[in-house]
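The chain contents come next:
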Amino acid sequence: MKHYLLTIFTFITFSVFAQDLPTEPASGYAFPIGSKFTIKLIPIDSVSFNYSIIKYEQFTETIDTWENDKLFAEKGKDNTIDFYFCLGTEGKTEDEKKKNMKVLLIFKNNSKYSMNFDSDIQRKEDGEYEKTSNMGTYKGAKGTEMWPYMIHSIGLNNFKRKK
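As a convention, each chain's residues are numbered from 1 in the sequence order in which they are written. Per-residue local features are limited, in this predicted model, to residues with pLDDT of at least 70; the limit for side-chain atom pairs, both in listing and counting, is 80 or more; totals at the level of whole chains, interfaces and linings are taken over all residues. As a convention, hydrogens and water are excluded, and side-chain values are obtained from all of the structure's heavy atoms.

K.L.:
Which residues make up the pattern of salt bridges, and what values go with them?
P.N.:
Each reported salt bridge corresponds to a side-chain nitrogen of Lys or Arg within 4 Å of a carboxyl oxygen of Asp or Glu. Under the definition given, this model contains 5 salt bridges. Residue D69 is joined to K142 by a salt bridge in which the shortest nitrogen-to-oxygen separation is 2.8 Å. Separated by 73 residues along the polypeptide, D69 in the loop between strand 4 (62-64) and strand 5 (80-89) and K142 in strand 9 (residues 142-147) bring together distant segments of the chain. Accessibility expressed as a relative area gives 55% for D69, which makes it exposed. As a salt-bridge pair, R123 and E130 come within 3.9 Å of each other at their nearest N and O atoms. Type-normalised accessible area, obtained with a 1.4 Å probe on protein chains alone, sets the label of each residue: buried when under 20%, exposed when over 50%, and partly exposed for intermediate values. A relative accessible area of 30% places E130 in the partly exposed class. One salt-bridge network, in which partners are shared between bridges, spans D118, D120 and K131. Under the DSSP-based scheme used, a helix requires at least four consecutive residues in state H or I and a strand at least two consecutive residues in state E, with every element numbered from the N terminus.

Structure below.
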């Protein structure tokens, strides 16, 4: 199953960057580290959603892990979620910042739904994807997921309304 997911995510990742936006709605896509993107949720039924990538750009800045509210517009487009998949750190000195470096997935949910979703991470370049936990998203709220180790790519899929 993991090999199957890796193949799908790899294909979709290369497809995303080779085609015009917005993408065709799908259940999931994968994104490389250093990505800023916006997805638009497309309902399949009363619970499940596909999504389309409506904005994508590289994002190579290292951000402050905790002071990052200015990344997001106060009001985003309806039924969208904005994401940054990047490096973040905190500290006053360069040594502190180097010691506190983490991989972050920061997002703001502009939809009217709180959502659960699955996330799969690729820890080794060209390695297999492995499932990782996440807290989901809450309507109108910003969220942060962080990891203390390198992640080369993240797959986001299976978006569903929280009960």
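Picking up after the structure, the text goes on.
K.L.:
Can you lay out the environment of L41 for me, pointing to particular residues and giving the numbers?
P.N.:
Here L41 lies in strand 2 (residues 35-43). We classify L41 as buried; its relative accessible area is 4%. Each C-alpha atom of the pair L41 and Y113 lies 9.9 Å from the other, and the pair is 72 residues apart in sequence. The criterion used for residue contact is that any of the two residues' heavy atoms lie within 4.5 Å. In this view, L41 contacts F49, N50, Y51, N79, I81, S111, M115 and F159; residues no more than four positions away in its chain are not counted.

K.L.:
Which residues make up the pairing of strand 2, and what values do they have?
P.N.:
Here, strands pair whenever DSSP counts at least two bridges between them. Both strand 2 and strand 3 (residues 48-58) contribute to a ladder of 9 bridges, which runs antiparallel. In the strand pairing of strand 3, I42 is matched with N50. Between strand 2 and strand 3, which pair antiparallel in sequence order, lie 4 residues. Across 6 bridges, the pairing between strand 2 and strand 5 is antiparallel. Note that in strand 5 the partner of K36 across the bridge is Y84.

K.L.:
Pulling in residues and values, what's your account of the confidence of the model for the chain?
P.N.:
Each residue carries a pLDDT value, the predictor's own confidence for that position, ranging from 0 to 100. Residue-level pLDDT values for the chain average 90, and 88% of them are 70 or greater. A low-confidence stretch, residues 1-8 stays under pLDDT 50, and its non-local contacts, those more than four residues away or across chains, total 8 contacts.

K.L.:
Which residues make up unusual backbone geometry, and what values go with them?
P.N.:
Trans is the common state for peptide bonds, and a negative phi is the common state for residues other than glycine. A cis amide bond, omega 5°, links L21 with the succeeding residue P22. Note that P22 resides in the loop between helix 1 (2-18) and strand 1 (28-32). Positive phi, close to 60°, is recorded for N79, a residue that is not glycine. With respect to the element layout, N79 can be found in the loop between strand 4 and strand 5. For N79, a relative accessible area of 27% translates into the label partly exposed. Unlike most non-glycine residues, D126 shows phi in positive territory, near 65°. With respect to the secondary-structure elements, D126 resides in the loop between strand 7 (115-122) and strand 8 (129-132). Relative accessible area serves as the criterion here: at 71%, D126 is assigned to the exposed category.

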